[in-house]
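Observations on chain architecture
Chain by chain, the residues run as shown.
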Amino acid sequence: MAHRYPGQRIAITRLIIFLGLVTYAIMVVYPMFWVLCTSLKSNKDIFLDPFGLPSMGDLQWSNYAQVWTAGSFGNYFFNSVIITSLTVLAVVLLSAMAAHLLSRFVFWGCRALLFYFLAGLMVPIHLSIVPLFFEMRALGLLNSRLGLWLAYVAFSLPFAIFILTGFFRSLPVSLHESARVDGAGEFRAFWHVMMPLARPGMVTVAIFTFLGTWNEFFMAFMFLSGEGSQRLRTLPLGLANITIVSQYSSDWSLAFAGLVVVVLPTLGMYLLLQKQLSQGVTVGAVKI
Amino acid sequence: MVVCPLLPPVQILCLGFVVLAVMESLACAEEPNIEVEAALFDSGAGQLPFYLETAREYEKLRPGIKINLYGDPRIATKNRIRALESTFPAITDLGPDYWTLIRNGDILPLDEFLDGPSWEGDSTWRESFLPGALDLYRYQGKTYGLPLPYYANTCWYNKKLFREHGWSKPTTWDQFFNLCAQIRGAGIAPLAFPGRYPASSKIIAYAAYYHLAGPEAFVAQQLIEPGSFDNTQMRQAFEILLEARDNFQPGALGMSFNEVHEQLLRGHAAMMFGGSGFRAQIGDKLPEHFELGTFNIPSFAHSAADPTAVAGGQWYYFVHRHAPHAREAVDFLRYLTSRQMAGRFARATNIPVAVRGAMEGNLSRDLDELVHILSSARTTYWNGPQGGVQPPEMNQYIVDALDKLLTHRATADEMCRQLEADAAVVRQRIASPDLVNYRHVWKPLALGALVVAVVLYATIAGAWRRRHARAVTAGRLRISPMGIVVFGGPALVLYTVFVVWPALQAFAWSTQRWDGLTPMRYVGLLHFKRLLFESDGFWIALGNNLFIMFVIPAFVLPLSLFLAACINRGIWGSALFRVVFFFPNILGGVTVTLLWLRLYSAQGGLINAALVKMGKAAMAMGLEGPGHWLTGFAGFAWLSAEHLYWSLVPIAIWGAAGFNMLLLLAAMQTIPQSLYEAADMDGASIWRQFWTITMPLIWPVISIVLVFMIIAGMKTFELIWLLTEQMPNTSNHVIATRMVQTMFVEFRVGEATAIAVLLFILVFFGSATTLRFMRREAVEF
């Protein structure tokens, strides 16, 4: 595309812009680097020289060992993996089915149903948490993974349906119709024809559901706080316990090692799937 | 229609269900005979390991009893939720308003046990505590609270620094301020102060008032009796605070507790006021050669109160009468407060305790001065009056007043008169809870008119569109009712049961008055009237939301557009930039807050350091003006209440630009290259191409981006809540933080849900309006 930039002035502008972008990229990457460095320092070093590099001869790998065993992050990690993966699975599936229904078919109340789901985007979570707590208790779902899972799935649905309905709308009608003409049942047509087509949208939903669930604190805090729930707790609860405690007593080295443990899987997931992310989110958001 | 007999999704859901259910059943343990539940506060200073160890040892001594003990820094919230369903753990120490519970008869009186033997059996249990330690929670002749940790506010100082300069510990405020002048003269900041919590300046103002006006007047002020704020002594007390403020370290108003500790330990400041938990908080981070000392808060040469008085009190445990096995719970507390266990507590946490003979030899040597202050004190004040408690609403007014004083926005005299007026409002609220003072008229009217206008417009436009655009559903198919149930059913059921139904229930609470402890009472629209017509706080919070909704997108959107355009034009490394710019979105809220707290740190933060460096470089190049301006940022308090909202702008840009760039970039990439090539041929500049080709074609995405930002701006919670350390004052609340504070801190459930209803309405109409006004004819190509 260089032909669009004739002349030296434009080359200089381009250099300046490039340097600007590099600066911005450093601002964005530096924090992750800083978190990583800090997690390898001793408490006293963090406190007295927060931005210094860790001394290479004295890297505190023991912070990780400590947070993994004494901080029970091994246990938290396992719980988070289970609950997040099951949530992502259920959300992608249920929202794809609902989005297929809402985008492809016309029936009495179809618009109302769509708006009913979208209204969920506007419900502040802190509003419904207290009645939900009682409901969970009445259903015997408190202090259980099952209850937390159901709540996570339900609260992730509105955004997922929002994105996927738009995405399904952008898919060609003809393929679906020809599958039906060939005698495939409604469900088979969805499963074998529409779902594969909707993959970028579903990956987008998976990423956002993953980010939301993996970092979710408030519901986990509420629903996994009573008796017998210690073994079920997720990473954000563990992390909050060390970082909130840090307000008072500041065991920073553990907190930062914990942060790295929480961030790494998210980073991996994002780098793995990022190619499909932008496509899905844009199509989904615009075609609603 | 043929539906497969075994649907894969149903299989997957069942699988999830079965996996989780099996794990649950494996997790179940056998029930012991007697189980005592204890939910205790843990600040991380070593309380929880101590509690757990004590519980296990107690179980060995009393077979058949199991102590189900857990602790958490946020235990208050959990215990308040338990209060809502009136199933308390047997033992708690933080959360509900204990005075309400005591008056309702929900707390077990302890006198019967206190008059019995202590655990060691060498005295009565009552006599095993320090004098006066049991006094606070006494009501109608009965004792309800059991103390263990002893918290006192004193002044901590750098002993070595004092010795080297020959400074001596002051006992009066005059001596204190003379000392401050000497310290300043030596080039050191006299006082470190955590200005992000204006409430912590209460230590100074309250202590001065106690000694000026005497114990009776102090209690009268706690009970907000008429005349207890607008008086000479209070004015003098505020003057003391203002003089202390003038000795704060530069940037103190933007500092947190951690930073203040750091400043003291690094020798940048000579003194700080703080509680006796300080030594426990710094733990092993005390630098070598640092000597810690402490002296009591200064008083006056002619004090109206006992000069040995300690500004502090004990931390209390309560036993809930209706909890199962309340008497066994008391027996466990007897063990917990035995001399041996209290001594172990002191040793484990380095926090003083209220049990006789338990501190000696168990605290670190640098607390000797503190132990001396505590053991020679004849009385304590601080924790509030006996038999009652200050109304929680008053606290917010006091904190606001302190904030205004500290930031030079009011004089002592103004604040005395203001607080007197506030106290009158609070008294009136207590006397006639259903009265509404109509103070705001135009703002609620404007808001109502906006809502009505949007509804009318949407209805009319909707009807018009229905008549003219039937084609929308033309290409769509019909489906059997069974199909609707199969595809939409599971999502609909889950969403209705776990999202909609609880939200509707919460809405129903908005017409009730309920503190979770006493029965609900129907009050109609009272909460809404009060929020819209009387409360200043609600409108201030809404204003802050509007700032976030409109000022922040004004920065974020152009930058995102710029980044997207650069990458779209294929600048070097654009593939890498695209991936990297999204990074802030994968960090959770806690990480982001921790990071920016450090960056914005007034002393030693990267941002101030960088600005000062740039300023010095500018001065070296002969640019005096900008150089001075930049070096002026040394010690600038970014996170003080005054500057907080503008400080949010960089955080928001950093956090949101990458995500929005991704959306805009994807939209730009759908634009056919041929359009640009044609424009090139016509000689249109890049700038012109951007405005006439790119912008119109990505307009729908821009409007979606804006709606996302407006919804997010309206619902902003975490950032403000964490940056204000969960204690925003009236001027920096947003609506969501106000709701959470009303719900979980002040515990007015009805009013909190009323705020939530208003928030929902605002989000709904805010996003609907934006979408309507942004809608243009879609451009097809």
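Not measured: the values here are computed from a predicted model.

Let us now look at the overall build of chain B. From N to C terminus, chain B includes 31 helices and 13 strands. Dimensions along the principal axes, computed over C-alpha positions, put chain B at roughly 95 × 80 × 55 Å. For chain B, buried positions account for 45% of its 781 residues. The long-range share in chain B, meaning contacts at least 24 apart out of those at least 6 apart in sequence, stands at 76%.

Right, let's talk about the overall build of chain A for a bit. The secondary structure content of chain A amounts to 13 helices and zero strands. In chain A, the order of α-helices and β-strands from amino to carboxyl end is α-α-α-α-α-α-α-α-α-α-α-α-α. Each of the 288 residues in chain A was classed as buried or not, and the buried ones make up 50%. Partitioning the intrachain contacts of chain A with sequence separation of at least 6 by distance along the chain shows that 79% fall at a separation of at least 24.

Before going further, it helps to examine the interface of chain B and chain A. Each side of the interface is counted separately: chain B has 101 residues, and chain A has 98 residues. When residues in the side of chain B that touches chain A are grouped by element, the largest group, 15 residues, is from helix α19 (residues 481-509) of chain B. Taken together, the residues of the side of chain B that touches chain A sort by class into 68 nonpolar, 17 polar and 16 charged.

An α-helix turns once every 3.6 residues. As a result, residues three or four positions apart point the same way. Residues and elements named next belong to chain B. Over its 30 residues, helix α28 (residues 686-715) extends only 38 Å from the first C-alpha to the last, a length that falls short of the 44 Å expected when each residue adds 1.5 Å. The largest bend along α28 measures about 60° and falls at Trp699, with the proline Pro700 one to four residues further on. All of the buried residues in α28 are Thr694, Ile698, Pro700, Val701, Ile704, Val705, Leu706, Met709, Ile710, Gly713, Met714 and Lys715.

This next bit is on the domain arrangement of chain A. All names here are of chain A. Taken domain by domain, chain A consists of domain 1 (6-58) and domain 2 (70-283). Of the residues lining the interface, nine residues belong to domain 1; the matching set on domain 2 comes to eight residues. Put simply, the parts of the chain that give the side of domain 1 that touches domain 2 at least two residues each are α1 (8-38) and α2 (43-48). Here the side of domain 1 that touches domain 2 is composed, by residue class, of four nonpolar, four polar and one charged.

This part takes up the confidence of the model for chain A. Residue and element names in this part refer to chain A. Averaged over every residue, the pLDDT of chain A is 78; the share at 70 or more is 86%. Model confidence for chain A, summarised as mean pLDDT per element, is weakest for helix α12 (residues 235-248) at 67 and strongest for helix α4 (residues 73-104) at 89. Taken together, the stretch residues 1-5 has pLDDT below 50 and engages in six contacts with residues farther than four places along the chain or on a different chain.

Moving on to the nonpolar core. Core analysis: the largest hydrophobic core is formed by 307 residues, its most contacted members being Leu157(A), Leu664(B) and Leu759(B). Top element by residues in this core is helix α7 (residues 145-170) of chain A. It accounts for 17 residues. Beyond its immediate chain neighbours, meaning those up to four positions away, Leu157(A) contacts Val91(A), Leu94(A), Ser95(A), Phe117(A), Gly120(A), Ala491(B), Leu494(B) and Tyr495(B).

Residues and elements named next belong to chain B. The residue Thr172 is located in the loop between α6 (159-165) and α7 (173-185) in this model. Since 16 C-beta atoms lie within 10 Å of it, Thr172 is described here as partly exposed. For Thr172 and Ala506, which are 334 residues apart along the polypeptide, the C-alpha to C-alpha distance reads 53 Å.

So, on to the environment of Thr234(A). Residue and element names in this part refer to chain A. Position of Thr234 among the secondary structure elements: in the loop between α11 (218-223) and α12. Separated by 20 residues in sequence, Thr234 and Leu254 have C-alpha atoms that sit 16 Å apart. Every residue in contact with Thr234, bar those within four places of it in the chain, is listed here: Tyr76, Asn79, Ser80, Ile83 and Ala220.

With that out of the way, let us pick up the environment of Glu718(B). Along the chain, Glu718(B) turns up in helix α29 (residues 718-723). Separated by 219 residues in the primary sequence, Glu718(B) and Val499(B) place their C-alpha atoms 20 Å from one another.

The next thing to look at is helix α3 (residues 75-84) of chain B. Buried residues dominate α3(B), accounting for eight of its 10 residues. Those residues of α3(B) not exposed but buried are Ile75(B), Thr77(B), Lys78(B), Asn79(B), Arg80(B), Ile81(B), Arg82(B) and Ala83(B). Tucked into the core, α3(B) has its buried residues touching α6 (125-138) and α11 of chain A together with β1 (34-41), β2 (65-72), β3 (91-92) and α30 (735-745) of chain B. A positive backbone phi angle near 45° is found at Ser86(B), which sits one or two residues after α3(B).

Turning to the confidence of the model for chain B, a few remarks are in order. Residue and element names in this part refer to chain B. Mean pLDDT over chain B: 82, with 92% of residues reaching 70 or higher. Low pLDDT, under 50, characterises residues 1-6; the predicted model gives this stretch 14 contacts beyond four residues in sequence or across chains. Contacts for the low-pLDDT stretch residues 776-781, under 50 throughout, to residues beyond four places or in other chains number five contacts.

Residue and element names in this part refer to chain B. In terms of burial, β1 is largely enclosed, as six of its eight residues are buried. With eight bridges joining them, β1 and β2 adopt parallel strand pairing. Within β2, the residue paired with Leu40 across the bridge is Gly71. Remark: the β1/helix α2 (residues 47-61)/β2 crossover connection has right-handed handedness. Relative to β3, β1 runs parallel, the two being bridged by two bridges. Bridge assignment links Ala39 to a residue of β3, and that residue is Thr92.

Further remarks concern the packing of α4(A) against α19(B). The contact between α4(A) and α19(B) brings their axes to 8 Å, and the two run at 130°. Looking at the two axes, α4(A) sits oblique to α19(B). Relative to α19(B), the crossing made by α4(A) is left-handed. Touching Leu94(A), Ser95(A), Met97(A), Ala98(A), His100(A) and Leu101(A) of α4(A) are Ile484(B), Phe487(B), Gly488(B), Pro490(B) and Ala491(B), all from α19(B). Grouping the amino acids of the contact of α4(A) with α19(B) by side-chain chemistry returns eight nonpolar, three polar and no charged.

Another aspect to go through is unusual backbone geometry. Note: most peptide bonds trans; most residues except glycine with negative phi. Residue and element names in this part refer to chain B. The backbone phi angle of His325 is positive, close to 60°, even though this residue is not glycine. In this fold, His325 is placed in the loop between β10 (310-319) and α13 (326-336). Not every positive phi belongs to a glycine, and Asn350 is a case in point at roughly 60°. In this structure, Asn350 sits in the loop between α14 (339-349) and α15 (368-376). Classification of Asn350 as buried rests on a count of 22 C-beta atoms within 10 Å.

Cut-off values and rules
Residues numbered from 1 in each chain as written. Chains lettered and ligands numbered in written order. Predicted model: local features only at pLDDT ≥ 70, side-chain atom pairs only at ≥ 80, totals over all residues. Helix = DSSP H or I, 4+ residues; strand = E, 2+ residues; numbered from the N terminus. Buried ≥ 20, exposed ≤ 12 C-beta atoms within 10 Å, placed from the backbone. Contact = placed C-beta atoms within 7 Å. Nonpolar A, V, L, I, M, F, W, Y, C, P; charged D, E, K, R; others polar. Expected span 1.5 Å × (residues − 1). Bend = angle between axes of the 7 residues up to and from the residue. Domains from an automatic or database assignment. pLDDT = per-residue confidence, 0-100. Core = buried A, V, L, I, M, F, W, Y, C linked by C-beta atoms within 7 Å. Pairing = 2+ DSSP bridges. Right-handed = clockwise from strand over helix to strand, strands pointing away. Axes fitted to C-alpha atoms, helices over the stretch in contact; angles between N-to-C directions. Parallel < 35°, antiparallel > 145°, perpendicular 65-115°, else oblique. Left-handed = near helix turned anticlockwise from the far one by under 90°.

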